[in-house]
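Here are the chains, one letter per residue:
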Amino acid sequence: MNESMQLAEQVAAQLARHLTDVVLCPGSRNAPLSLALLAREDIRVHTRIDERGAAFTALGMARVQHRHVGVVMTSGTAVANTLPAVVEAHYSHTPLAIISADRPERLIGTGASQTIVQDGIFGVYADTTQVNEQKDIAAIAERFERDLQVHINIAFDAPLVGDSLPEPVGGDGTRAATPRFYDHGEVAVDLSKNTLVIAGDEAWEVEGLEDVPTIAEPSAPGPFHPVHPAAAHIFRKAQVSANDYVVNTKVEQVIVVGHPTLHRGVLALMNDPDIELVVLSRTADFTNQRGDNARLGTTVKTTGEPTREWLKICQGATDMAGEAVRTTLEDEELGFTGLHVAAAVGDTLAVNDTVVLGASNPVRDASFIGMPFDGVDTYAPRGVAGIDGTVSQAIGVALATQSLDPTNWRAPRVMALVGDVTFLHDANGLLIPEDQPRPENLTIVVANDNGGGIFETLEQGAPALRDAFEPAFGTPHGVGIGKLAEAYDADYRLVTTPQELLDTLAELKEYSTGITIVEAQTTRATRRALQDKLTQKVGQ
């Protein structure tokens with residue numbers, strides 16, 4: 001056996017101690033490792049032809065598994081294509097391992113084909129562990145045990161492969177633990193003060209805060225006392241008049257858990273200098289823009305408890321905001337919007353379902369219609385809130401979810417809610433080579449308003465700026481999503497009304513298999529008016 005194959009087999013054996021799944025991209029320089037991994041009986045190998053999509057597929061799987069998933073590729077720009085997924089993994093603290101093949105060091109900088117500087121290519125987002133020979137392999141274990149984002153760069157010299165395939169090899173099935181959570185210590189909090197918890201992505205159920213009213217983003221745990229995000233502005237006011245009564249609504253203390261990013265009104269609570277701020281994190285990072293004016297920790301030591309009056313105030317504000325959303329959706333003049341789509345998706349979810357929410361409008365719409373829901377696992381790319389790779393992540397989530405219990409007679413339902421631009425940005429994520437594991441029960445709902453609907457409600461969507469809106473922000477595309485679905489061998493449904501969507505989702509809940517794409521043809525022309533109506537009803 002040549003040296004490259006020997007090195008590859010030892011690397012594969014080391015990888016098997018840390019991960020169960022690898023997404024493999026075809027290439028020449030990584031051929032030794034590809035063959036070695038395919039020979040492992042204790043690693044599931046998934047193949048993708050696009051390194052960018054492969055990395056996001058692995059990221060989706062890692063979100064479910066909470067352990068590293070590997071991505072293997074050849075040298076050159078193949079490695080660079082994984083950077084967006086590495087960045088999202090870094091900021092969402094998701095384990096991900098990039099395992100790249102490289103030329104020997106003597107060829108770097110000589111003009112050799114498909115050769116770039118791969119050592120350090122990910123900068124601050126992932127250090128590189130260079131493997132040039134067998135004695136370097138011990139460093140792989142150290143990286144996996146220490147870091148969430150791992151880059152292993154392996155130099156393979158010619159000849160790359162031998163005359164026969166490597167023999168199948170198994171393992172004992174044990175895996176080393178991924179890096180543990182940080183513990184930043186305990187913070188004392190007095191819950192007799194008017195207190196709100198703001199739970200974002202990466203939030204967890206903090207012992208002692210179960211009974212505190214909570215504004216939770218869709219990917220946070222479902223709170224016992226949910227507070228609607230549209231009501232956030234109320235809690236910055238000293239008093240609010242309601243039914244001839246004056247209610248003291250000013251929040252005194254905000255406790256941030258995880259990484260909230262969605263709503264401007266909620267972020268304003270976090271940044272209000274008149275409100276005490278406590279920030280809790282289980283990672284190296286804190287969502288804190290107030291510096292030393294915040295108290296930081298991981299756990300809390302509580303005294304007191306929320307007053308009955310405060311609980312009633314929070315419940316009243318939530319009821320008002322929730323009712324405002326539902327009554328606004330009943331306004332027929334607004335037509336069929338992305339918020340209607342989110343409401344239909346939310347109304348058809350059930351316990352044990354899994355949801356993937358695209359960035360931009362879908363995750364915000366899901367928040368407005370009442371998510372998170374108990375018993376529904378929800379994932380959203382909130383690390384850097386990009387739209388890229390969302391279809392691939394949804395497929396990764398579906399693959400990992402159905403592998404949790406392969407004895408189920410039917411795979412658990414996974415639903416993805418994305419906008420049309422998000423879908424088109426990663427439509428190639430639907431390309432799964434033949435004979436590869438495929439999602440068995442994935443529904444992708446595309447709210448198609450023919451462009452960038454989120455910008456309609458932002459500053460650039462103001463009437464005075466409309467002349468430049470479509471080319472710079474709206475970007476209508478007119479793409480036939482049904483034709484894309486056919487090209488990628490996915491089932492396809494078209495709906496044009498909320499009721500059609502409800503009926504379709506109810507049917508798919510019972511009978512869907514494989515990948516189904518539901519295109520909801522919506523309008524963004526009324527999106528700004530919808531937002532204005534909602535704002536008026538909640539008194540902002």
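Residues numbered from 1 in each chain as written. Predicted model: local features only at pLDDT ≥ 70, side-chain atom pairs only at ≥ 80, totals over all residues. Heavy atoms only, no water.

If you look the chain up in an unreviewed UniProt entry, it shows as 2-succinyl-5-enolpyruvyl-6-hydroxy-3-cyclohexene-1-carboxylate synthase from Corynebacterium segmentosum. The annotation that UniProt attaches to the chain under Sequence similarities (unreviewed entry) is "Belongs to the TPP enzyme family. MenD subfamily." (UniProt positions renumbered as here; feature names shortened; annotations may be inferred.)

Look at the UniProt record and you will see "domain: Thiamine pyrophosphate enzyme N-terminal TPP-binding" (unreviewed entry) annotated at residues 5-116. For residues 5-116, helix accounts for 43% and strand for 17%, while the C-alpha atoms at its two ends are 23 Å apart. (Helix = DSSP H or I, 4+ residues; strand = E, 2+ residues; numbered from the N terminus.)

Of all hydrophobic cores here, the largest spans 59 residues; its most connected members are Leu 196, Phe 235, Val 254, Leu 269, Val 341, Val 445 and Leu 501. Apart from residues lying up to four places away in sequence, Leu 501 is in contact with Phe 336, Val 341, Ala 344, Val 445, Val 495 and Val 518. In this structure, Cys 25, Ala 54, Leu 59 and Ile 432 belong to the second largest nonpolar core, which totals 46 residues. (Core = buried A, V, L, I, M, F, W, Y, C linked by side-chain atoms within 4.5 Å. Buried < 20%, exposed > 50% of the residue type's maximum accessible area, 1.4 Å probe, protein only. Contact = heavy atoms within 4.5 Å.)

With that out of the way, let us pick up the environment of Ala 220. In this fold, Ala 220 is placed in the loop between strand S9 (214-216) and strand S10 (239-242). Along the sequence, Ala 220 and Gly 185 sit 35 residues apart, while their C-alpha atoms lie 22 Å from each other. When sequence neighbours within four positions are dropped, the list of residues in contact with Ala 220 reads Ala 199, Gly 200, Ala 203 and Pro 372.

According to the stated counting rule, one finds 23 salt bridges in the structure shown. With its nearest N and O atoms 2.8 Å apart, the salt bridge here joins Glu 88 to Arg 63. Taken together, the residues Glu 88 in helix H5 (residues 83-92) and Arg 63 in helix H3 (residues 51-65) connect sequence positions 25 residues apart. Accessibility assignment for this pair places Glu 88 and Arg 63 in one class, buried. (Salt bridge = Lys/Arg side-chain N within 4 Å of Asp/Glu carboxyl O.)

Turning next to the UniProt feature "domain: Thiamine pyrophosphate enzyme TPP-binding" (unreviewed entry) in the chain. Under the local residue numbering, the UniProt record ascribes the feature "domain: Thiamine pyrophosphate enzyme TPP-binding" (unreviewed entry) to residues 390-518. Between the end C-alpha atoms of residues 390-518 the distance is 16 Å, and the span holds 36% helix and 19% strand.

Turning our eyes to something else, we now look at the sheet that holds strand S3 (residues 70-73). Strand order in this open sheet of six strands is S2-S1-S3-S4-S6-S5, and the pairing throughout is parallel. Strand pairing shows two members of the sheet lacking a second neighbour, strand S2 (44-47) and strand S5 (128-131), which therefore form its edges. Direction aside, the axes of adjacent strands within the sheet are offset by 20° on average. When strand S1 (residues 21-24) meets S3, the two strands line up parallel, connected through three bridges. Looking across to S3, one finds that Val 23 is bridged to Val 71. Across the sheet, H5 touches strand S4 (96-102) and strand S6 (149-155), and the angle it forms with S4 is around 150°. (Pairing = 2+ DSSP bridges. Axes fitted to C-alpha atoms, helices over the stretch in contact; angles between N-to-C directions.)

On to the pairing of strand S21 (residues 514-521), then. The element S21 is extensively covered by neighbouring structure, given that six of its eight residues are classed as buried. Of the pairings in the sheet, the one linking strand S19 (residues 441-448) to S21 comprises eight bridges and is parallel in character. Counted as the bridge partner of Thr 443 is Thr 516 from S21. Pairing between strand S20 (residues 491-495) and S21: five bridges, direction parallel. When the sheet's bridge partners are listed, Asp 491 is paired in S21 with Thr 516. Handedness of the β-α-β unit built from S20, helix H15 (residues 498-511) and S21 comes out right-handed. (Right-handed = clockwise from strand over helix to strand, strands pointing away.)

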